[in-house]
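Chain by chain, the residues run as shown.
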Amino acid sequence: MAAPAAQASPDVSRIVIENCAIATVDAQDTEYASGHVVVAGNRIESIGAGTAPAGLENVVRRIDGTGHLVTPGLINTHHHFYQWITRGLATDHNLFDWLVALYPTWARIDEQMVTAAAQGSLAMMARGGVTTAMDHHYVFPEGSGDLSSAIIGAARDMGVRFTLARGSMDRGESDGGLPPDFAVETLDGALAATEATVDAHHDASFDSMTQIAVAPCSPFSVSTELMRQGAELARRKGVRLHTHGSETVEEEKFCRELFGMGPTDYFESTGWLGADVWMAHCVHMNDSDIAAFARTGTGVAHCPSSNARLAAGIARVPDMLKAGVPVGLGVDGTASNESGELHTELRNALLINRLHTEHRERALNARQALRLGTFGGAQVLGRADQIGSLEAGKLADLVMWKVDGLGHSTIADPVTAIVFGAAAPVTLSLVNGLPVVEDSHLTTVDEDAIARSARNEAQRLARVAAQPR
């Protein structure tokens, strides 16, 4: 049975996809072995088993989806785009040592570098099925240009839906933080710049392509006052809040020494638990921490590859899900996850969580992993009513994965194929009803030009960072 059709204008253009397997990731996990999706304008008009309804008008494209699985577009919930031009460095470090090693280089970025890095980060994700991206940018060196607008512009040009988490740091080395003093902002400067970014760019509409969140970096690089006032600013403006939390044992020790309490209690004391908050990593959480997140509706961006790269540990994702904590997936910055892809995080989330001694093979299954990368991401970004599942009336963000080729043809279940198998080729990715990927290639930008630009800017940053300030 088809899902109820959404009402669309009679003269709207339609795209029809038929003969494909479909995983809707709706509340019932509805799936069709062979079904159809009708896209009208930027919305999903209908979805169901068999072929599309007869008599549809203004069909501008009809696609035979034989050999494909259609899913919601993937949703990335944590990233640092600027790190695209510092990949492959400090490869054998834990988090704190890695930050100390790289902050002096990151503090020399400028607008041109950030533009190239954002283009590279976005292109890698979009080519692999990401339709909604997110960037937590918190490094704003004095005189570096309009970095927020550069990042937002790169997402707009790519054609992906986007949330910029406007980050900040005001706790430098002289105040007991990790960043060098020349890499941080003042309290007032960070708050004013964040509010200006919200005012200039946040769009709260249903089909918004750009939203802004308030995002002080972390407890070890931000003052308590910036945390408190940042939360007040976000709620006054009606936007979401994002930060790093409970990533490593060193962070737990730092919080107890500096604040006299663990990270979760510290976040609660500063107004940073709530249904409008999501945090990256959340690796070192006890039962009480998980219960606090569940009670308040605080979300989590799970970053399995980055957590492994920095030896941070294994987040208790099965326990979070059981408690009702919203959980999505994050690439994290590509200085700690050089692949820069989200579709590989589906597999890594499943496999790494099975290493936990308590849950083992029961930790996550293929459909739970897919839900983390789609509807779970929509939940933590506050957009579950609009994206994250294939349902009539929702925005037309979807991906066609090719599952009849060499890497997947002998895996009978298509969802198992894209999660357990090799990264599946993307035949088509639609964002807001428009093609962003066709036959594994981006339609909106020149991939080779982006690669050249990013390489040049990485080399220029290395030269600049080698010079004394």
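Everything numeric in this text was worked out from a predicted model, so none of it was measured.

Procedures and definitions
Residues numbered from 1 in each chain as written. Predicted model: local features only at pLDDT ≥ 70, side-chain atom pairs only at ≥ 80, totals over all residues. Heavy atoms only, no water. Domains from an automatic or database assignment. Contact = heavy atoms within 4.5 Å. Buried area = accessible area lost by both parts, 1.4 Å probe. Salt bridge = Lys/Arg side-chain N within 4 Å of Asp/Glu carboxyl O. Polar contact = N/O pair within 3.5 Å; in protein donor to acceptor, adjacent residues only side chain to side chain. Helix = DSSP H or I, 4+ residues; strand = E, 2+ residues; numbered from the N terminus. Nonpolar A, V, L, I, M, F, W, Y, C, P; charged D, E, K, R; others polar. Pairing = 2+ DSSP bridges. Axes fitted to C-alpha atoms, helices over the stretch in contact; angles between N-to-C directions. UniProt positions renumbered as here; feature names shortened; annotations may be inferred. Core = buried A, V, L, I, M, F, W, Y, C linked by side-chain atoms within 4.5 Å. Buried < 20%, exposed > 50% of the residue type's maximum accessible area, 1.4 Å probe, protein only.

**Examining the domain arrangement of the protein chain**
Each assigned domain of the protein chain is listed here: domain 1 (14-72 + 396-442) and domain 2 (74-381). The interface of domain 1 with domain 2 comprises 32 residues on the first partner and 28 residues on the second. Considering only the surface of domain 1 that becomes buried against domain 2, Val25, Val419 and Phe420 emerge as the three largest contributors, covering 24% of it. Residues Asp29 and Arg371 are paired through a salt bridge, measuring 2.9 Å at the closest nitrogen-oxygen approach. Here domain 1 and domain 2 share 8 residue pairs in polar contact (both at pLDDT 80 or more) between them. Per-element tally for the side of domain 1 that touches domain 2: the top contributor is helix H13 (residues 414-420), with 5 residues. The class makeup of the residues in the side of domain 1 that touches domain 2 is 19 nonpolar, 7 polar and 6 charged.

**Structural notes on the sheet that holds strand S11 (residues 277-281)**
Within a sheet, adjacent strands bond to each other through the backbone by hydrogen bonds, running parallel or antiparallel. With respect to topology, 8 strands assemble into an open sheet ordered S6-S7-S8-S9-S10-S11-S12-S13, the strand pairing being parallel. A single partner strand is all that each edge strand has here, and the edge strands are strand S6 (74-75) and strand S13 (327-329). Pairing of strand S12 (residues 299-302) with S13, which is carried by 3 bridges, proceeds in the parallel orientation. Across the sheet, residue Val300 finds its bridge partner in S13, namely Val327. Along the sheet, helix H4 (residues 187-201) contacts strand S8 (161-168) and strand S9 (210-216); its crossing angle with S8, the most-contacted strand, is approximately 165°. Contacts from helix H5 (residues 224-237) reach S8, S9, strand S10 (240-245) and S11 within the one sheet, and its direction differs from that of S9 by about 155°.

**Some remarks on the UniProt feature "domain: Amidohydrolase-related" (unreviewed entry) in the protein chain**
If you check UniProt for "domain: Amidohydrolase-related" (unreviewed entry), the listed places come out as residues 69-420 in our numbering. Between the end C-alpha atoms of residues 69-420 the distance is 14 Å, and the span holds 41% helix and 15% strand.

**Concerning the nonpolar core**
Nonpolar side chains tend to gather and get buried jointly when the protein is soluble and globular. Counting 110 residues, the largest nonpolar core has Trp98, Trp106, Leu122 and Met320 as the members making the most contacts within it. Ranked by the residues each element gives to this core, the list is headed by helix H2 (residues 111-127), at 9 residues. The residues contacting Trp98, other than those within four sequence positions of it, are Gln83, Leu89, Ala90, His93, Trp106, Arg309, Leu310, Ala335 and Ser336.

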